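Geometric and topological summary
Here is how the chains run, residue by residue.
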Amino acid sequence: MTLTKNKYYFEALDNYPYSLPECLEALNYALSYDPEDADSLCLMGRIYSEMLSDYEKAKLYFEEAMLYDVNNLNTPQYYIKCLLDNEDYQVAEKLIQYALKIKGIDRCTLWFYRALLSEMRGSFNNALKFLDESAKYCFTEYSLNVVKDRKKFIKSKMPKKKQNKKKKETK
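Residues numbered from 1 in each chain as written. Predicted model: local features only at pLDDT ≥ 70, side-chain atom pairs only at ≥ 80, totals over all residues. Heavy atoms only, no water.

1. Brief notes about the layout of surface pockets
Once rolled over the atoms, a probe with the size of a water molecule shows which space is left empty. If you add up the space inside the largest pocket, you get close to 150 Å³. Together, D106, C108, T109, F112, Y137, C138, F139, T140, Y142, S143, V146 and V147 line the largest pocket. Listed by contribution, the elements that provide at least two residues to the lining of the largest pocket are α7 (107-120) and α9 (141-157). Top contributing element to the lining of the largest pocket by residue count: α9, with four residues. Here the residues of the lining of the largest pocket are counted per class, giving eight nonpolar, three polar and one charged. (1 Å grid on protein atoms, 1.4 Å probe; cavity = no way out; pocket = protein on both sides within 12 Å on 5 of 7 lines; lining within 4 Å. Points joined across faces, edges and corners; volume = space filled by probe spheres on them. Helix = DSSP H or I, 4+ residues; strand = E, 2+ residues; numbered from the N terminus. Nonpolar A, V, L, I, M, F, W, Y, C, P; charged D, E, K, R; others polar.)

In structure tokens, the structure reads:
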């Protein structure tokens, strides 16, 4: 039974996001074999969150996935992104704090989301600090470049220090 469920889950994952009808068909088969499979529930949550922008329905799938496997490495990062997109900032912050305690999880992504959360709240200095923390956990050049680009972008949004004030004081 587990092999069959895994077969359909991997088939669904392989079709996501390019062929959603085939993905959904395989995912429904996987969930019919094991309705408590956290990875399948997480993927269903991603479909509702990323493709359909139905965040409330997505949150239900993510919550169910967390209920069945609280240490799943995939669910928190996608759930956090869903929460940020839905502007559920307090819940996202709590989930980030919890997820950082899960052994083996992608801390780079979690700290990046923490920075994004601070940026969304308008706290650019904190966002830069969290991006520094994210950079510590970058293990590929690509992820480090993403973090550096975000830092540059946030700095561009920050108010410029007044140069005119210094010029007036020197006169």
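2. Observations concerning the state of the cysteines
If you walk through the whole model with that rule in mind, you get zero disulfides. Looking at C42, it has no disulfide partner, and the nearest cysteine sulfur is the one in C82, 10 Å off. The buried category is assigned to C42, whose relative accessible area is 3%. There is no disulfide at C108, and the cysteine sulfur nearest it, in C138, is 3.4 Å away. Look at C108 and you get buried, because its relative accessible area is 9%. (Disulfide = S-S within 2.5 Å. Buried < 20%, exposed > 50% of the residue type's maximum accessible area, 1.4 Å probe, protein only.)

3. Observations regarding unusual backbone geometry
Here the amide bond leading from Y16 into P17 is cis, since omega sits at -5°, within 30 degrees of zero. Tracing the backbone through its elements, the reader meets P17 in the loop between α1 (2-15) and α2 (20-33). A positive phi angle, near 55°, is found at S53, a position not held by glycine. Here S53 lies in the loop between α3 (38-51) and α4 (55-68). The backbone of E87 shows a phi angle near 60°, a positive value even though the residue is not glycine.

4. Notes on the packing of aromatic side chains
Within the structure shown, the criterion is met by six aromatic pairs. A centroid spacing of 5.5 Å and a plane angle of 15° characterise the contact between Y48 and Y61, whose relative ring orientation is stacked. Linking Y48 in helix α3 with Y61 in helix α4, this pair joins segments that are 13 residues apart in sequence. Given the relative accessible area of 19%, Y61 is considered buried. Plain terms: the ring middles of F62 and Y79 are 5.4 Å apart, the flat faces sit at 25° to each other, and that makes the pair stacked. Here Y79 lies in helix α5 (residues 75-85) and F62 lies in helix α4, a separation of 17 residues in the sequence. Taken as a pair, F62 and Y79 share a single burial class, namely buried. When the ring centre of Y8 is taken as origin, the NZ or CZ atom of K7, which lies over that ring, is 4.4 Å away. In this arrangement the basic side chain of R46 is found over the ring face of Y78, its NZ or CZ atom lying 4.0 Å from the centre. (Phe/Tyr/Trp six-rings, centres within 6.5 Å; stacked < 30°, edge-to-face > 60°. Lys NZ or Arg CZ within 6 Å of the ring centre and 35° of its normal.)

5. Comments concerning the environment of K148
Examined against the element boundaries, K148 turns out to sit in helix α9. Residue K148 is classed as partly exposed on the basis of its relative accessible area, which comes to 47%. The sequence separation of K148 and Y33 amounts to 115 residues, and the corresponding C-alpha distance is 43 Å.

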